[in-house]
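# Per-entry structural report
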Amino acid sequence: MADAVFGLADRLKIVQTRVAYAALRSGRLPEDVRIITVTKYIGVAEIHALIQCGIMDIGENRVQDAWKKYQAIEDRVKWHMIGHLQRNKAHIVAKFCAMVHSVCDMAVAEALDRAAEKCGRKIDVLVQVNVSGETTKQGIHPSEVATFVKSLAMCTSLVFRGFMTMAPLSENPEASRPYFRRLRDVRDAIVPGFSPHKGGLHLSMGMSNDYEVAIEEGATMVRIGRDIVG
Ligand SMILES: *Cc1c(COP(=O)(O)O)cnc(C)c1O
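Residues numbered from 1 in each chain as written. Predicted model: local features only at pLDDT ≥ 70, side-chain atom pairs only at ≥ 80, totals over all residues. Heavy atoms only, no water.

### Notes on the overall build of the chain
Where we set the bar: In this description a helix means any DSSP run of H or I spanning at least four residues, a strand means any run of E spanning at least two, and both kinds are numbered starting from the N terminus. Remark: exposure states derive from per-residue accessible area (1.4 Å probe, protein chains only) relative to the maximum for the residue type, with buried under 20%, exposed over 50%, and partly exposed in between. In this description, contact between two residues means that some pair of their heavy atoms is separated by no more than 4.5 Å. Under the convention used here, a 1.4 Å probe and the Shrake-Rupley method define accessible areas, while residue burial counts only the protein chains that appear.
The helix and strand inventory of the chain stands at 10 helices and eight strands. Each of the 230 residues in the chain was classed as buried or not, and the buried ones make up 48%. Counting contacts in the chain only where the partners sit at least 6 residues apart, residues at least 24 apart contribute 58% of the total. By element, 52% of the accessible surface of the chain is carried by carbon and sulfur atoms, the whole surface being about 11100 Å².

Put into structure tokens, the structure is as follows:
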């Protein structure tokens, strides 16, 4: 129904408005929360349309697909790798991604680091944390975070910027709240007194079904696909 009424630009505007209000509810400014538009469902033409609407950040979860789209779109937007990253694809990601949200394996991180160095690039990375304990979810256990972050410091072409998580699938956005809170606790244990303006650590959490709750719990980046691109 909504698809017949609203185009891409309208859908984006609605999401931006909801994000802005959620940010204000959490005592922050709309610009303190960055929308990563997840474009895994759409092709280059639609991405161009989104760029016309002013989007700045694109999220893709498959390296090969993202790399193909990058050939056409290049650096008009920032590219975020949000999906599971395999070691043998790190050299591709290193060529074009500004941020990798899904780092949770030191061997993969080291491969990405070496590849980034070869390209003469620095890559921002988020550590993916499995806060739900679901065995189907990627991410390190919260108890391993401090050690993992310390090891990451040896990767001199990677810049540690914060954490990412995915809540268990649910129809009810409120069901995600405890998991988002847990990720915020993980972050606060590493850097207490977080402020996004002082080079603090990002929280990448919240998708189409639960991004408002995520922002209320402190998300600084939300990864939104279906709600924008249909
Ligand atoms: C697809 C995807 C999203 C976006 O999900 P939507 O439900 O389409 O908003 C966010 N994060 C990751 C890791 C994804 O793979």
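### What about the site of the ligand?
Just so we agree on the cut-off: Nearness of a residue to a molecule or strand requires only that one of the residue's heavy atoms be within 4 Å of it. Here a polar contact means two N or O atoms within 3.5 Å. Within protein one must be a hydrogen donor candidate and the other an acceptor candidate, and residues neighboring in sequence count only if both atoms are side-chain atoms. Polar here means any residue other than Ala, Val, Leu, Ile, Met, Phe, Trp, Tyr, Cys and Pro, which are nonpolar, and Asp, Glu, Lys and Arg, which are charged; Gly is therefore polar.
All residues adjacent to the ligand are Val-38, Lys-40, Tyr-41, Asn-61, Ile-82, Met-166, Met-207, Ser-208, Arg-223, Ile-224, Gly-225 and Arg-226. Contact between the ligand and Gly-225: an oxygen atom at 2.8 Å from a main-chain N or O atom of the residue. Between the ligand and Arg-226 there is a distance of 2.5 Å, counted from an oxygen atom to a side-chain nitrogen or oxygen. Computed on the free molecule, the ligand has an accessible area of 390 Å², of which 94% lies beneath the protein chains in the complex. Considered class by class, the residues forming the shell around the ligand number six nonpolar, three polar and three charged.

### Notes on the nonpolar core
Put simply, the test is: What makes a nonpolar core is a set of buried Ala, Val, Leu, Ile, Met, Phe, Trp, Tyr and Cys residues whose side-chain atoms join them at distances within 4.5 Å.
With 67 residues, the main nonpolar core has Val-19, Val-100, Leu-112, Leu-152, Phe-163, Ile-215 and Val-222 as its most contacted residues. Element by element, the count of residues in this core is highest for helix α6 (residues 106-119), at seven residues. Those residues in contact with Leu-112 that sit more than four places away from it in its chain are Leu-85, Ala-90, Val-93, Ala-94, Val-100, Ile-123, Val-125 and Leu-158.

### Points about a nonpolar patch on the surface
The criterion, for reference: Patches in this entry comprise residues that are over 30% relatively accessible and not in a salt bridge; like charges within 9 Å are linked, as are nonpolar side chains (Val, Leu, Ile, Met, Phe, Trp, Tyr) within 5 Å. The term salt bridge refers to a pairing of a side-chain nitrogen on Lys or Arg with a carboxyl oxygen on Asp or Glu at a separation within 4 Å.
Residues Tyr-21, Leu-24 and Leu-29 make up a contiguous nonpolar surface patch of about 320 Å² in total accessible area. Mapped onto the elements, Tyr-21 comes out in helix α2 (residues 8-25). Looking at Tyr-21, the relative accessible area reads 54%, which means it is exposed.

### Brief notes about α6
Here is the rule: Given a helix with a known number of residues, its expected span is that number minus one, times 1.5 Å.
Taking 1.5 Å as the rise per residue, α6 with 14 residues should run 20 Å; its terminal C-alpha atoms sit 20 Å apart, in good agreement. Residues of α6 that are buried include every one of Met-106, Val-108, Ala-109, Ala-111, Leu-112, Asp-113, Ala-115 and Ala-116, and no others. Buried-residue contacts for α6 involve α5 (90-96), β4 (99-103), β5 (123-128), α7 (145-152) and β6 (158-164). Backbone geometry just after α6 places Gly-120 at a positive phi near 65 degrees.

### Section: the packing of aromatic side chains
To be explicit about the condition: Aromatic pairing here means that ring centres of Phe, Tyr or Trp (its six-membered ring) are within 6.5 Å. Orientation follows from the plane angle: under 30 degrees is stacked, over 60 is edge-to-face, and everything else is tilted.
For the structure shown, the criterion picks out six aromatic pairs. Residues Tyr-70 and Trp-79 carry aromatic rings whose centres are separated by 5.8 Å and whose planes lie at 80 degrees to one another, so their mutual orientation is edge-to-face. A single burial state applies to Tyr-70 and to Trp-79, both of which are buried. Note on Trp-79 and Phe-96: the rings are 5.8 Å apart at their centroids and 65 degrees apart in plane angle, and the pair reads as edge-to-face. In this pair, Trp-79 is assigned in strand β3 (residues 78-81) and Phe-96 in helix α5, connecting sequence segments 17 residues apart. Residue Trp-79 is classed as buried on the basis of its relative accessible area of 1%. By the ring-pair criterion, three or more aromatic residues cluster together here, those being Trp-67, Tyr-70, Trp-79 and Phe-96.

### So, the pattern of salt bridges
A complete count under the given rule lists 13 salt bridges for this structure. Note that Glu-217 and Arg-181 form a salt bridge whose closest N and O atoms lie 3.0 Å from each other. Taken together, the positions of Glu-217 in the loop between α9 (211-216) and β8 (221-224) and Arg-181 in helix α8 (residues 177-190) put the pair 36 residues apart, joining distant regions of the chain. On the basis of relative accessibility, which here comes to 39%, the residue Arg-181 falls in the partly exposed class. Salt bridges sharing partners connect three or more residues here, namely Arg-25, Glu-174, Arg-177, Arg-181, Arg-184, Glu-216 and Glu-217.

### A few points about the pairing of β5
To keep it simple, the criterion reads: Pairing between strands is defined by DSSP: at least two bridges between the two strands are required. The handedness rule is simple: strands pointing away from the viewer, and a clockwise path from the first strand over the helix to the second, make the crossover right-handed.
The buried fraction of β5 amounts to five of the six residues, a majority that puts the element mostly inside the structure. Here three bridges tie β4 to β5, and the two strands are oriented parallel to one another. Opposite Met-99, over in β5, you have Asp-124 as the bridge partner. After leaving β4, the chain enters α6 and then returns to the sheet as β5, a path that is right-handed. In this structure, β5 lies alongside β6, joined through six bridges in parallel fashion. Looking at β6, one finds that Val-127 is bridged to Phe-163.

Coordinates in, geometry out; function isn't part of it.
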